[in-house]
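Descriptive structure summary
Here is how the chains run, residue by residue.
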Amino acid sequence: MSDSPRNSIHGQWSSRWVFVFAATGSAVGLGNIWKFPYIAGENGGGAFVLVYLLCIAVVGLPVMIAEILLGRRGRQSPINTMASLSREEGRSPLWKLLGWSGVLAGFLILSYYSVIAGWALNYVLEMVNGTFTGTSAGQVQTVFDELLADPLKLTLWHTLFIIVTMIVVARGVRGGLEKAVMFLMPSLFVLLVILLAYAMNSGAFIEGLTFLFMPDFSALTREGVLTAMGHAFFTLSLGMGAIMIYGSYMRSQDSIARTAIMIVFADTMVALVAGMAIFPIVFANGLEPGAGPGLVFQTLPLAFGQMDGGLFFGTLFFILLFFAAWSSSISLIEPAVTWLVENRNMKRITASIICGIATWLLGMGTVLSFNLWSEVKWFDRTFFELLDFLTANIMLPLGGLFIAIFVGWSMSRKSKVAEMATKYLFAFNVWSFLLRYVTPLAVTVVFLQSTGLLAKLI
Ligand code: PHE
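In this report, we go over the structure that sits alongside the text. (Residues numbered from 1 in each chain as written. Predicted model: local features only at pLDDT ≥ 70, side-chain atom pairs only at ≥ 80, totals over all residues. Heavy atoms only, no water.)

Regarding the overall build of the protein chain
Definition in use: Helix numbers and strand numbers start at the N terminus; a helix is a DSSP run of H or I with at least 4 residues, a strand a run of E with at least 2. Here the radius of gyration uses the C-alpha set of atoms, whereas the globule reference equals 2.2 Å times the residue count to the power 0.38. A 1.4 Å probe rolled over the protein chains alone gives each residue an accessible area, and that area as a share of the maximum for its type sets the label: buried under 20%, exposed over 50%, partly exposed in between. Working rule for contacts: check all heavy atoms of both residues, and any pair within 4.5 Å makes them a contact.
Looking only at helices and strands, one finds 19 helices and 0 strands in the protein chain. For the protein chain, the C-alpha radius of gyration of 21 Å lies close to 23 Å, the compact-globule estimate for 458 residues. For the protein chain, the spread of C-alpha atoms along the principal axes amounts to about 65 × 55 × 40 Å. Taken over 458 residues, the protein chain has a buried fraction of 60%. Residue pairs at least 24 apart in sequence account for 83% of intrachain contacts in the protein chain once pairs closer than 6 positions are excluded.

Observations concerning the site of the ligand
The cut-off we apply is this: Here a residue is near a molecule or strand as soon as one of its heavy atoms is found within 4 Å of it. Identification of polar contacts relies on pairs of N or O atoms within 3.5 Å, with a donor-acceptor requirement for protein atoms, meaning one able to donate a hydrogen and the other able to accept it, and with residues adjacent in sequence counted only if both atoms are side-chain atoms. Residue polarity follows a fixed list, in which Ala, Val, Leu, Ile, Met, Phe, Trp, Tyr, Cys and Pro are nonpolar, Asp, Glu, Lys and Arg are charged, and the others, Gly among them, are polar.
Close to the ligand lie 15 residues, the nearest being Ala 27, Gly 31, Tyr 113, Phe 234 and Ser 237. A distance of 3.4 Å separates an oxygen atom of the ligand from a polar side-chain atom of Asn 32. Backbone polar atom of Thr 235 to a nitrogen atom of the ligand: 3.1 Å apart, as the coordinates give it. Listed by contribution, the elements that provide at least two residues to the shell around the ligand are helix 1 (16–27), helix 2 (30–42), helix 10 (222–235) and helix 14 (310–343). Classifying every residue of the shell around the ligand by side-chain character gives 7 nonpolar, 8 polar and no charged.

Re the packing of aromatic side chains
To describe a pair of aromatic rings, one takes the distance between the centres and the angle between the planes. Put simply, the rule is: In this analysis, rings of Phe, Tyr and Trp, with Trp reduced to its six-membered ring, are considered paired at centre separations within 6.5 Å, and the interplanar angle assigns stacked below 30 degrees, edge-to-face beyond 60, and tilted for intermediate values. We call a charge positioned over a ring when the NZ of a Lys or the CZ of an Arg lies within 6 Å of the ring centre and within 35 degrees of the ring normal.
Throughout the structure, instances matching the rule amount to 33 aromatic pairs. Their ring planes at 70° and their centres at 6.3 Å tell us that Trp 95 and Phe 402 sit as a pair that is edge-to-face. Here Phe 402 lies in helix 16 (residues 383–410) and Trp 95 lies in the loop between helix 4 (78–88) and helix 5 (96–128), a separation of 307 residues in the sequence. Trp 95 gets classed as buried once you look at its relative accessible area, which sits at 16%. On the basis of relative accessibility, which here comes to 37%, the residue Phe 402 falls in the partly exposed class. For the pair Trp 409 and Tyr 437, a centre-to-centre distance of 5.5 Å together with 85° between the ring planes defines the contact as edge-to-face. Of this pair, Trp 409 sits in helix 16 while Tyr 437 sits in helix 18 (residues 425–451); the two residues are 28 residues apart in sequence, bridging distant segments of the chain. On the basis of relative accessible area, Trp 409 is assigned to the partly exposed category, the value being 39%. In this arrangement the basic side chain of Lys 35 is found over the ring face of Phe 234, its NZ or CZ atom lying 4.4 Å from the centre. Over the ring of Trp 409 we find Arg 436; its NZ or CZ atom is 4.0 Å from the centre of that ring.

A word on the packing of helix 5 against helix 15 (residues 348–369)
So the rule is basically this: A fitted line through C-alpha atoms serves as each axis, taken over the contacting stretch for helices, and the angle formed by two N-to-C directions is quoted from 0 to 180°. Note that the term roughly parallel is reserved for angles under 35 degrees, roughly antiparallel for angles over 145, roughly perpendicular for angles of 65 to 115, and oblique for everything else. Throughout, a crossing is termed right-handed when the near helix is turned clockwise from the far one, and left-handed when it is turned anticlockwise from it by less than a right angle.
Their axes nearest at 8 Å, the elements helix 5 and helix 15 cross at an angle of 60°. One finds that helix 5 runs oblique with respect to helix 15. The two elements helix 5 and helix 15 cross, and the hand of that crossing is right-handed. Facing helix 5, whose interface residues are Phe 107, Leu 108, Leu 110, Ser 111, Tyr 112 and Val 115, helix 15 presents Ala 358, Thr 359, Leu 362, Gly 363, Thr 366 and Val 367.

Quick look at helix 3 (residues 46–74)
Short version of the rule: One fewer than the residue count of a helix, multiplied by 1.5 Å, yields its expected span.
In this model helix 3 runs 40 Å from its N-terminal to its C-terminal C-alpha over 29 residues, within 8% of the 42 Å that 1.5 Å per residue would give. Just beyond helix 3, the residue with positive phi is Arg 75, at close to 50°.

Digging into the packing of helix 10 against helix 16
In the contact formed by helix 10 and helix 16, the axes pass within 8 Å of each other and the chain directions differ by 65°. As judged from the angle between their axes, helix 10 and helix 16 are roughly perpendicular. As helix 10 runs across helix 16, the sense of the crossing is left-handed. Mapping the contact onto sequence places Glu 223, Leu 226, Thr 227, Met 229, Gly 230, Phe 233 and Phe 234 in helix 10 and Phe 389, Ala 392, Asn 393, Leu 396, Pro 397 and Gly 400 in helix 16. Looking at the contact of helix 10 with helix 16, its residues break down into 8 nonpolar, 4 polar and 1 charged.

Here's the deal with the pattern of salt bridges
For the record, the criterion: We define a salt bridge as a contact between a side-chain nitrogen of Lys or Arg and a carboxyl oxygen of Asp or Glu at a distance within 4 Å.
Taken as a whole and judged by the stated rule, the model has 6 salt bridges. Residue Asp 254 pairs with Arg 251 through a salt bridge whose shortest N-O separation is 3.1 Å. For Arg 251, a relative accessible area of 22% gives the class partly exposed. Within this structure, Arg 72, Arg 73 and Glu 419 form a network of salt bridges that share partners.

Description of unusual backbone geometry
The phi dihedral of Ser 237 falls on the positive side, at around 60°, and the residue is not glycine. As for its position among the elements, Ser 237 is in the loop between helix 10 and helix 11 (242–247). Positive phi, close to 70°, is recorded for Asp 380, a residue that is not glycine. When you line up the elements, Asp 380 lands in the loop between helix 15 and helix 16.

Spelled out as structure tokens, the structure:
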């Protein structure tokens, strides 16, 4: 049996490339361009980047393969996929909880993701208006601060972003996402390369590269290590069912491993190129690498304000950043929507509206955390920081850990070989080894060290 026994009731990708582009569309998003540079900056650069890259290779890639495999074998929402597969493999029905935690994580992430995507929308407008032409770093900073201080403006963009996301989700994966990502992702990459060329010529390029790639382990804290691992999951969209649900629309005959490698490679390249474009600008203008979530919005407008054709490139850049965020956000809420369709017998449109309203409401917490509630803290974190920490650093790695355990230990080798349909037994065994031993160990060690427990043990 080399074919999956099931078909998805939600449809199927029309070709192998559509899956590659859709999954890349999910992976490449604010995580690569907004989050990666600012957390690398906050955590001292090189050593953080090294840990992140290591996590991508030994944890991210094996889990990506495992998650696609689960999705394609289950062909339902993550919750029902886990329910069916655990039954098929004769395992505890509690594995369904993995699906539930994914649905919850996706919902939590989208609530703040949408607010940040709203910033990108606002910057499209600022660019068109020529706000940044020939400005100084100080003025760029002021524009950003004023945006964050304005709950109404933030709410407006957040609302708009949720609406456009839910429209695509309501129409179903086939109805628009397919064509959009195939064209938008490559364009974004081209623009990043243009920015990189600018950084090479007019920024402190060597200084930027040194910061990004020369490991200085004294700059990396215990929590920094956890953040690096968490980000490996976040940026690859792993551990919450997004890749699983996209895998469920994948054709049975396509190679999972080869596809996963392409997605991981593309995602990592985008993040690195973004970092290489941003840090030279940071250093050339005497800005702070650890400036926080505003980093991209305080550096790139400066570059666009100075370069030839900056108005055009800048506008295009923020439009494409918005599209990148859009194609990611669709996959964040797709697991919840498909579950409502499958188990509550809802129409896609009703399910989308319900999910949209709920995420919008929760997102208001993030909107306010940048202004009226900026002093309200739980565990020393604002609402936004808490959600980000809880999802990216805890829920996604835990989800990934359990995916590795389920596929590595609870699924029979026969089902895995059948689903992978691979001729390369050696590669299969390497993957299997990574998934069974290396991934669980790495995630556990990072969790333990972040609490300081490991240091006490040794
Ligand atoms: N990978 C996306 C990004 O880097 C975010 C995301 C996380 C999307 C989890 C789906 C699931 O922006």
